[in-house]
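Coordinate inspection notes
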Amino acid sequence: MITGKTKVVGIFGDPIEHTLSPLMHNAAFKELGLDYCYVPFLVKKQELKEAVEAIRALNIKGVNITVPHKEAVINCLDEISEEAKYIGAVNTILNEQGKLKGFNTDAYGFVKSLKEDNISLKDKFILLLGAGGAAKAVAYGVLKEGANLFIFNRTPSKAYKIKESFSDIGKIEVIEQIKPEIMGKIHIVINATSLGLKKDDPMPLDPSVLKKGQTYIDLIYTKTPLLKEAKNRGCTIIDGIGMLLWQAAKAFEIWTSIPAPVEVMEEVLKKIKD
Ligand code: ATR
């Protein structure tokens, strides 16, 4: 029940109607009997600044930030975490008595979801496909865990930029072609491009290079053609649901200072997936 005391949190994005975050967070609040309510807000690019100011004006406790605002929102905040600064993107804001603090829980969400699947990143050779916002969070997370990272992107200059910003935290190389010599030593392939979101998208890499025993991870929530192909070839596959869950759990904890009821949130996602 919403009362005068209910604390409001939410998500800013455009488009926003497909977001699964309200379902996850509201189920979590209900489970713990917390007087919070999570609301989706359609925020246009040109109105981001006003929307962020409204967090203060309306005493909203915090928000998630999604496409296309994760990078632009940085300039509207009072403080940002070390991690968010490195990644260059904020996906969670906390309103602490009028001070707006930005965090990035995507890198944590990615790494934590792999840990839950008992996949260790330390000293592994990883091929990251893509160099957009999502790829940056993944690159940060895996480098911090001690992996050796190779990045391939359609536009190589964006991959070189990631290498430049992250080379002080780990081993990172840009590759302009996916050659068999490199594929031979790769343990984990991560798709952080948007290829696989639309029905007729081509695969982000030529399926003939897939090797049995490799692990394929897609940040997209569904079983993409890449994951299906990888499964057929005897590879381990992981979709983006785990990262979605754990980034949300961390955001929940930033707002409430209470551990998130992860099983309940996972149950919500499983129901949608089925
Ligand atoms: P997100 O926030 O989801 O990471 P983004 O920052 O727009 O979104 O990044 C999208 C990624 O998908 C980029 O790596 C992009 O490659 P470019 O940097 O060359 O644009 C990649 N991508 C999108 N469409 C693609 C396509 N048709 N072929 C190959 N890569 C594509």
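Scroll up to find the structure.
Everything quoted here is computed from the prediction, not taken from an experiment.

**Let's talk about the environment of Glu 71**
The residue Glu 71 is located in the loop between strand S3 (62-65) and strand S4 (79-80) in this model. Along the sequence, Glu 71 and Ala 89 sit 18 residues apart, while their C-alpha atoms lie 4.5 Å from each other. Contact partners of Glu 71, with chain neighbours within four places excluded, come to Gly 88, Ala 89, Gly 133 and Lys 136.

**Brief notes about helix H5 (residues 133-144)**
In this model H5 runs 17 Å from its N-terminal to its C-terminal C-alpha over 12 residues, within 8% of the 16 Å that 1.5 Å per residue would give. Following H5 by one or two positions, Gly 146 has its phi on the positive side, about 90°.

**Some details on the environment of Leu 100**
Along the chain, Leu 100 turns up in strand S6 (residues 99-103). Since its relative accessible area comes to 0%, Leu 100 is described here as buried. The residues touching Leu 100, leaving out its near neighbours within four places in the chain, are Val 52, Ile 55, Arg 56, Leu 77, Asp 78, Glu 79, Ile 93, Leu 94 and Asn 95.

**Some thoughts on the site of the ligand**
Taken together, the neighbourhood of the ligand is formed by Gly 130, Ala 131, Gly 132, Gly 133, Ala 134, Asn 153, Arg 154, Thr 155, Lys 158, Thr 193, Ser 194 and Leu 195. Here Ser 194 contributes a backbone N or O atom positioned 3.2 Å from an oxygen atom of the ligand. Notes on the ligand: free accessible area 640 Å², of which the protein chains cover 65%. Residues belonging to the shell around the ligand are distributed by class as follows: three nonpolar, seven polar and two charged.

**Structural notes on the packing of helix H4 (residues 106-116) against helix H9 (residues 241-256)**
With their axes 7 Å apart at the nearest point, H4 and H9 run at an angle of 120° to one another. Judged by the inter-axis angle, H4 sits oblique to H9. Helix-helix and strand crossings are classified by hand; for H4 and H9 the assignment is right-handed. Residues Asp 106, Tyr 108, Gly 109, Phe 110, Lys 112, Ser 113 and Glu 116 of H4 pack against Gly 242, Met 243, Trp 246, Gln 247 and Lys 250 of H9.

How each quantity is defined
Residues numbered from 1 in each chain as written. Predicted model: local features only at pLDDT ≥ 70, side-chain atom pairs only at ≥ 80, totals over all residues. Heavy atoms only, no water. Helix = DSSP H or I, 4+ residues; strand = E, 2+ residues; numbered from the N terminus. Contact = heavy atoms within 4.5 Å. Expected span 1.5 Å × (residues − 1). Buried < 20%, exposed > 50% of the residue type's maximum accessible area, 1.4 Å probe, protein only. Near = heavy atom within 4 Å. Polar contact = N/O pair within 3.5 Å; in protein donor to acceptor, adjacent residues only side chain to side chain. Areas by Shrake-Rupley, 256 points an atom, 1.4 Å probe, with all protein chains shown as cover. Nonpolar A, V, L, I, M, F, W, Y, C, P; charged D, E, K, R; others polar. Axes fitted to C-alpha atoms, helices over the stretch in contact; angles between N-to-C directions. Parallel < 35°, antiparallel > 145°, perpendicular 65-115°, else oblique. Left-handed = near helix turned anticlockwise from the far one by under 90°.

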